[in-house]
Structure formats: C-alpha cells, structure tokens
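Structural features, examined
Here is how the chains run, residue by residue.
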Amino acid sequence: MIINAETPNQPEVLAMLDRLDAYCASLYPSESNHLMDAASLMQGDVLFLVARDVDGAAVGCGALVNRDGYGEIKRMFVDEQRRGLGTGKQLVEQIVLFASMAGLRELKLETGIHQPEAIRLYERCGFARCEPFGDYGPDPLSVFMERRL
C-alpha cells in the first residue's frame, strides 16, 4: 500500500467520500455530522491523503486540517474490504508525521459514539478523550479526542 497527498476531486476518491457520507448519515442526524466537502478539502490549510493498494485503487483517505496551533483529523475512511488490515493505522501514522513536520503540537478529532472501531483505532494510535474544541459544541453523539505531539 502507498499513501500520498492527492486531491480529493478524483472520481474514485469522491465515490469513497460519498460512501463515507452515506455511512455517517445512516448513523447520525445531520446536525451531528461534521463533514467537510471536497471543495473545503482542497483549501491551502488541508493536507488530503489517499491510500492506494498495489493495483492503484483508492482504499482509504484522511485529511489533516491546520487549525492555527493544532491539527484536526477529518474525513478518515477505509474501504469496507480493507478494514482490519492496518490501512487506518497507516493513515493516522502519516497524518501524525505530517503534523509533526508542520510544527503542530497536538492533533484533535471528532468521531461518533456509534463507531467503536474508529474509537479503538484512535486510542491505539495514542489519542485520548477530551472536551469539545474549536467550533464544536457538546453533542451526546460525538466523541472528541486529542494527542499531543
């Protein structure tokens, strides 16, 4: 598997983001979905990573958003067929590396209570629960996490 910075406006990546949107919509009401669209993911303060298998097919993605002093992980997704194979962990490790290289001192994220696999992944990668941050307010369906770098 190879992970590179790419643009999210590629057809197969957009299809993956659409699957992520549908998945989140099946779990949470719209007011509890804090998704960035493809145009927002192409802004200068965002690093968008795509994981590709040996055949070049996109199998996962994740974004690092520079929030002036900390980084936020957004749009993490791994294709259903690739879950449990370490793709998510490798994406998080790359995001941590890029955040460190950018001089960020901490990473934060928001995920949902109905995604225990994601929560376990982040915990295994050194994240701990924290209070809401940035523009997020308290939400009983959200889990907020952070990791010092």
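Residues numbered from 1 in each chain as written. Predicted model: local features only at pLDDT ≥ 70, side-chain atom pairs only at ≥ 80, totals over all residues. Heavy atoms only, no water.

An unreviewed UniProt entry annotates the chain as GNAT family N-acetyltransferase of Massilia solisilvae.

1. Overview of the UniProt feature "domain: N-acetyltransferase" (unreviewed entry) in the chain
The positions UniProt marks with the feature "domain: N-acetyltransferase" (unreviewed entry) are residues 1-149. Spanning residues 1-149, this segment combines 30% helix with 30% strand, and its end C-alpha atoms are found 25 Å apart. (UniProt positions renumbered as here; feature names shortened; annotations may be inferred. Helix = DSSP H or I, 4+ residues; strand = E, 2+ residues; numbered from the N terminus.)

2. A short note on the pairing of strand β3 (residues 58-66)
β3 sits mainly inside the fold: 8 of its 9 residues count as buried. For strand β2 (residues 46-52) and β3, the ladder comprises 7 bridges, and the chain directions are antiparallel. The partner of Arg52 across the bridge, within β3, is Ala58. Hairpin geometry of β3 and strand β4 (residues 71-78) is characterised by an intervening segment of 4 residues between the two adjacent antiparallel strands and by a positive phi of about 55 degrees at Asp68. (Buried < 20%, exposed > 50% of the residue type's maximum accessible area, 1.4 Å probe, protein only. Pairing = 2+ DSSP bridges.)

3. Overview of the pattern of salt bridges
A full pass over the atoms with the stated rule returns 11 salt bridges. For the salt bridge of Asp79 with Arg19, the shortest nitrogen-to-oxygen distance reads 2.7 Å. Placement of Asp79 in the loop between β4 and α3 (87-101) and of Arg19 in helix α1 (residues 11-27) is noted, with a sequence separation of 60 residues between them. Note on Asp79: relative accessible area 14%, which makes it buried. The exposure class of Arg19 is partly exposed, given its relative accessible area of 31%. One salt bridge connects Glu146 with Lys108, and the closest N-O pair in it is separated by 3.7 Å. Linking Glu146 in strand β7 (residues 142-148) with Lys108 in strand β5 (residues 106-112), this pair joins segments that are 38 residues apart in sequence. For Lys108, a relative accessible area of 13% puts it in the buried group. It is possible to trace a salt-bridge network through shared partners that takes in Glu106, Lys108, Glu146 and Arg148. (Salt bridge = Lys/Arg side-chain N within 4 Å of Asp/Glu carboxyl O.)

4. Points about α3
Across its 15 residues, α3 extends 21 Å between first and last C-alpha, which sits within 8% of the 21 Å expected from 1.5 Å per residue. Residues Thr87, Gly88, Leu91, Val92, Ile95, Val96 and Ala99 constitute the buried set of α3. Looking one or two places after α3, you find Gly103, whose phi comes out positive at around 85 degrees. (Expected span 1.5 Å × (residues − 1).)

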